Amino acid sequence: SVVSKEHIAAVAAAIHDLLDNEEEGDLGPTLVRLAWHASGTYDKESRTGGSDGATMRFSPESDHGANAGLHVARNALEPIKKLFPDFTYADLWTLAGAVAIEHMGGPNIVWRPGRHDAKDASECTPDGRLPDADKGQVGATIRHVRAIFNRQGFDDREMVALIGAHALGRCHTDRSGYTGPWTRAPTTFSNLYYKELLENTWTLKSWDGPDQFEDPTGDLMMLPSDMALVWDRDFRKYVVEFANDEEAFFKAFASAFQKLEENGVSALNNSAASGK
Ligand code: HEM
């Protein structure tokens, strides 16, 4: 289906309204996570997965452990889908991620329409394509993060930039089992995540939950996969770059996030591109 620039602008305005009117102020980060989990299933070898199809609407993909809690984001977008029935779920979820980033002060993301919706679960991706936060051991966790993002076609600098989205939002015990935010400004898109990573002494939190790290105040958290970005020398140099240069981060993030959302999408409509 071909959607016009005016159509896209109207849907984007509805997403901005949704974020303005939402009580808790924490929907924005969850929309970003929905767009990432819809897209991050891409496998460059088989050219399967990615945002095209919006297959997370169907079980088993909706039930994959990594997607726990994302029904909150999917349900929040349902009224907008009803208002704009010609707009596919796959386009809506990815546009919502891009708009949420801009809404929270992040860079403009180039976004192009053209995704289709799968009719049933036949296009669902197998479980295990999204990253685990912990592989139990430093080296294994570093290798896992790199392997998951290489499979999608990202290099070290792109993956460090993408994970900088953890400036936003928080972990919820009833979703992932982890708890807490990465920064003290979780509804503002910024390079704070990298600064917190570098400037704190991170220690293992002692609690009943899964292994996670805490700063000296105990207010902030890091997953083992976040710590991988400072444990690994090659990742760490980009953490330092982005902590020192927010403009470089915004630029790298915007282009990596567009690539993430477009991986595996074959029928993008260029004439209606928005964002730049
Ligand atoms: C939240 C893991 C990469 C965006 C989370 C949560 C986990 C997690 C466990 C907590 C979910 C919850 O309990 O609600 C990981 C791992 C990654 C990764 C292991 C890679 C190694 C990314 C990327 C993005 C992203 C690439 C976006 C570009 C987010 C956002 C939240 C989040 C915005 C907050 C969601 C909310 O507040 O509801 N992530 N993530 N993450 N992630 Fe990631």
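The model shown is predicted, which means the values in this text are computed figures rather than measured ones.

## Observations concerning the coordination of the iron atom of the ligand
Right, so step 1: Protein coordination of the iron atom of the ligand rests on one atom only, His 166 (NE2), at 2.1 Å.
Right, so step 2: Turning to its location among the elements, His 166 is positioned in the loop between helix 6 (156-163) and strand 1 (170-171).

## Here we look at the domain arrangement of the protein chain
Right, so step 1: Looking at the protein chain, the domain boundaries give domain 1 (5-129 + 257-272) and domain 2 (138-254).
Right, so step 2: Between domain 1 and domain 2, the C-alpha centre-to-centre distance is 22 Å.
Right, so step 3: Of the residues lining the interface, 27 residues belong to domain 1; the matching set on domain 2 comes to 19 residues.
Right, so step 4: Interface area, domain 1 with domain 2, both sides summed: about 1,900 Å², of which 60% is carbon and sulfur.
Right, so step 5: Of all residues in domain 1, the largest losses of buried area upon contact with domain 2 belong to Met 104, Pro 107 and Lys 259, amounting jointly to 24% of the total for that side.
Right, so step 6: For the salt bridge of Lys 259 with Glu 158, the shortest nitrogen-to-oxygen distance reads 3.1 Å.

## What about the nonpolar core?
Right, so step 1: Counting 81 residues, the largest nonpolar core has Ile 15, Phe 87, Leu 95, Phe 149, Tyr 193, Phe 253 and Phe 257 as the members making the most contacts within it.
Right, so step 2: With 10 residues, the single largest contributor to this core is helix 4 (residues 89-103).
Right, so step 3: Per-domain counts for this core show at least three residues from each of domain 1 (5-129 + 257-272) and domain 2 (138-254).
Right, so step 4: Beyond its immediate chain neighbours, meaning those up to four positions away, Tyr 193 contacts Ile 163, Gly 164, His 166, Ala 167, Trp 182, Thr 183, Met 222, Asp 226 and Leu 229.

## Comments concerning helix 3 (residues 71-83)
Right, so step 1: With 13 residues, helix 3 extends 19 Å between its outermost C-alpha atoms, agreeing within 8% with the 18 Å of an ideal straight helix rising 1.5 Å per residue.
Right, so step 2: Taken as a whole, helix 3 carries its principal kink of about 35 degrees at Leu 77; the proline Pro 79 stands between one and four residues after it.
Right, so step 3: Listed as buried for helix 3 are Ala 73, Arg 74, Ala 76, Leu 77, Ile 80 and Lys 81.
Right, so step 4: Looking at the buried positions of helix 3, the neighbouring elements they touch are helix 1 (5-21), helix 2 (27-39) and helix 4.

## Here we look at the site of the ligand
Right, so step 1: If you check the shell around the ligand, you find 25 residues, and the closest are Thr 30, His 166, Arg 170, His 172 and Ser 176.
Right, so step 2: With four residues, helix 2 is the largest single contributor of residues to the shell around the ligand.
Right, so step 3: Taken together, the residues that form the shell around the ligand break down as 15 nonpolar, six polar and four charged.
Right, so step 4: Composition of the shell around the ligand by domain shows at least three residues from each of domain 1 (5-129 + 257-272) and domain 2 (138-254).

## Details of helix 7 (residues 192-199)
Right, so step 1: When we look at burial in helix 7, the residues that qualify are Tyr 193, Tyr 194, Glu 196 and Leu 197. Down the axis, helix 7 shows its buried residues gathered within 160 degrees of arc, on one side only.
Right, so step 2: Lining the buried residues of helix 7 we find helix 6, strand 5 (221-222), helix 8 (224-231), helix 9 (233-244) and helix 10 (246-262).

## So, the pattern of salt bridges
Right, so step 1: For the coordinates displayed, the defined rule picks out 12 salt bridges.
Right, so step 2: One salt bridge in this structure joins Glu 78 and Lys 82, with 3.9 Å as the shortest N-O distance. In this pair, Glu 78 and Lys 82 are both assigned in helix 3, four residues apart and thus about one turn of the helix distant.
Right, so step 3: With relative accessibility at 62%, the residue Lys 82 sits in the exposed group.
Right, so step 4: Of the charged contacts, one joins Arg 115 and Asp 91 as a salt bridge, the two residues approaching to 2.9 Å between their closest N and O atoms. You can see Arg 115 sitting in the loop between helix 4 and helix 5 (138-151) and its partner Asp 91 sitting in helix 4, a full 24 residues away along the chain. Here the two residues Arg 115 and Asp 91 agree in accessibility, since each one is buried.
Right, so step 5: Residues joined by salt bridges that share partners form a network here, namely Arg 146, Asp 156 and Asp 232.

## Focus on the packing of aromatic side chains
Right, so step 1: Under the defined criterion, the tally for this structure stands at 15 aromatic pairs.
Right, so step 2: Aromatic side chains Trp 36 and Phe 149 sit 5.5 Å apart centroid to centroid with 10 degrees between the ring planes, which places their arrangement in the stacked category. Highlighted residues: Trp 36 in helix 2 and Phe 149 in helix 5, separated in sequence by 113 residues. Each of the two residues, Trp 36 as well as Phe 149, counts as buried.
Right, so step 3: A ring pair is formed by Phe 189 and Phe 249, whose centres lie 5.4 Å apart and whose planes are at 5 degrees; its orientation type is stacked. Separated by 60 residues along the polypeptide, Phe 189 in the loop between strand 2 (180-181) and helix 7 and Phe 249 in helix 10 bring together distant segments of the chain.

## Some details on unusual backbone geometry
Right, so step 1: In the segment running from Ser 59 into Pro 60, the intervening peptide bond is cis, with an omega of 10 degrees.
Right, so step 2: Residue position: Pro 60 is located in the loop between helix 2 and helix 3.
Right, so step 3: The phi dihedral of Arg 47 falls on the positive side, at around 55 degrees, and the residue is not glycine.
Right, so step 4: With respect to the helices and strands, the residue Arg 47 is situated in the loop between helix 2 and helix 3.
Right, so step 5: Classification of Arg 47 as exposed rests on a relative accessible area of 67%.
Right, so step 6: A positive phi angle, near 45 degrees, is found at Ala 54, a position not held by glycine.
Right, so step 7: Turning to its location among the elements, Ala 54 is positioned in the loop between helix 2 and helix 3.
Right, so step 8: The class for Ala 54 is buried, based on a relative accessible area of 2%.

Analysis parameters
Residues numbered from 1 in each chain as written. Predicted model: local features only at pLDDT ≥ 70, side-chain atom pairs only at ≥ 80, totals over all residues. Heavy atoms only, no water. Donors = N, O, S within 2.8 Å, 3.2 Å for Na, K, Ca; no water. Helix = DSSP H or I, 4+ residues; strand = E, 2+ residues; numbered from the N terminus. Domains from an automatic or database assignment. Contact = heavy atoms within 4.5 Å. Buried area = accessible area lost by both parts, 1.4 Å probe. Salt bridge = Lys/Arg side-chain N within 4 Å of Asp/Glu carboxyl O. Core = buried A, V, L, I, M, F, W, Y, C linked by side-chain atoms within 4.5 Å. Buried < 20%, exposed > 50% of the residue type's maximum accessible area, 1.4 Å probe, protein only. Expected span 1.5 Å × (residues − 1). Bend = angle between axes of the 7 residues up to and from the residue. Near = heavy atom within 4 Å. Nonpolar A, V, L, I, M, F, W, Y, C, P; charged D, E, K, R; others polar. Arc of directions from axis to C-beta. Phe/Tyr/Trp six-rings, centres within 6.5 Å; stacked < 30°, edge-to-face > 60°.

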